[in-house]
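# Chains, contacts and geometry: an overview
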Amino acid sequence: MSETIFTKIINREIPADIIYEDDLVLAFNDINPQAPTHFLVIPKKPIATINDIKSEDREVVGHLYLAAAKIAQQQGFAQQGYRAVMNCNEYGGQTVYHIHLHVLAGKPMGWPPYQDTLKV
Ligand code: 5GP
């Protein structure tokens, strides 16, 4: 897959407000936060979309959630609650093609998460 801006963040080629790192994942604050707390947890391995996750990626994808929960504990919002969501492709609202878990916290989240008038 072609390199995205997130690879540049992993390689420290562009700056980011990094809040967590281990051997498999990196977490940093979103540049355009949609909640009082909004960070992204990304695998160091570049995977373009959910559709591109392979069986051998199950550990790293599970690790995204373990890291999110660890950071939630560290930052003190685990019990209050939060949303962890991954967008996929155009209709999912994905804009950066390197999978990332959005973690949003610090206010109650609405559901459904869209504002249109589509009837399903
Ligand atoms: P998506 O729309 O793909 O689900 O989410 C991409 C997210 O990446 C957006 O929330 C956007 O604000 C964030 N983002 C895009 N470019 C950068 C960047 O250079 N730095 C940081 N910290 N976040 C970024």
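Conventions adopted
Residues numbered from 1 in each chain as written. Predicted model: local features only at pLDDT ≥ 70, side-chain atom pairs only at ≥ 80, totals over all residues. Heavy atoms only, no water. Pairing = 2+ DSSP bridges. Helix = DSSP H or I, 4+ residues; strand = E, 2+ residues; numbered from the N terminus. Axes fitted to C-alpha atoms, helices over the stretch in contact; angles between N-to-C directions. Contact = heavy atoms within 4.5 Å. Salt bridge = Lys/Arg side-chain N within 4 Å of Asp/Glu carboxyl O. Buried < 20%, exposed > 50% of the residue type's maximum accessible area, 1.4 Å probe, protein only. Phe/Tyr/Trp six-rings, centres within 6.5 Å; stacked < 30°, edge-to-face > 60°.

Right, let's get into the sheet that holds strand β5 (residues 101-105). The strand order across the open sheet formed by five strands is β1-β2-β3-β5-β4, and the pairing between neighbours is antiparallel. On the outer flanks of this sheet lie β1 (18-21) and β4 (82-85), each paired with one strand and no other. Averaged over all adjacent pairs, the angle separating strand axes in this sheet is 20 degrees, with direction ignored. Relative to β5, strand β3 (residues 37-43) runs antiparallel, the two being bridged by five bridges. The partner of L40 across the bridge, within β5, is H102. In the packing of helix α2 (residues 58-75) onto the sheet, contacts are made with β1, β2 (25-29), β3, β4 and β5, and the angle to β3 comes to roughly 150 degrees.

Scanning the entire structure with this criterion turns up four salt bridges. As a salt-bridge pair, R12 and E21 come within 2.7 Å of each other at their nearest N and O atoms. A relative accessible area of 37% means that E21 is categorised as partly exposed. For D57, the salt bridge goes to K45, with nearest N and O atoms at 2.5 Å. Of this pair, D57 sits in the loop between β3 and α2 while K45 is found in the loop between β3 and α2, placing the two residues twelve residues apart along the sequence. Among the charged side chains, a network of salt bridges with common partners joins R12, E21 and K44.

Counted residue by residue, β2 has four buried out of five residues, so it is predominantly covered. Here three bridges tie β1 to β2, and the two strands are oriented antiparallel to one another. Each residue of the ladder has a partner; that of E21, found in β2, is L26. The turn linking β1 back onto β2 is made up of three residues. Of the strand pairs in this sheet, β2 and β3 are connected by five bridges, and their pairing is antiparallel. Bridge pairing in β3 links V25 to P43.

With that settled, consider the packing of aromatic side chains. What the rule picks out here adds up to three aromatic pairs. Look at F39 and F77: their rings are 6.4 Å apart centre to centre, the planes differ by 50 degrees, and that puts the pair in the tilted class. Of this pair, F39 sits in strand β3 while F77 sits in the loop between α2 and β4, and the two are 38 residues apart along the sequence. We note that F39, like F77, is buried. An aromatic cluster is built from F39, F77 and Y82, whose rings are joined through pairwise contacts.

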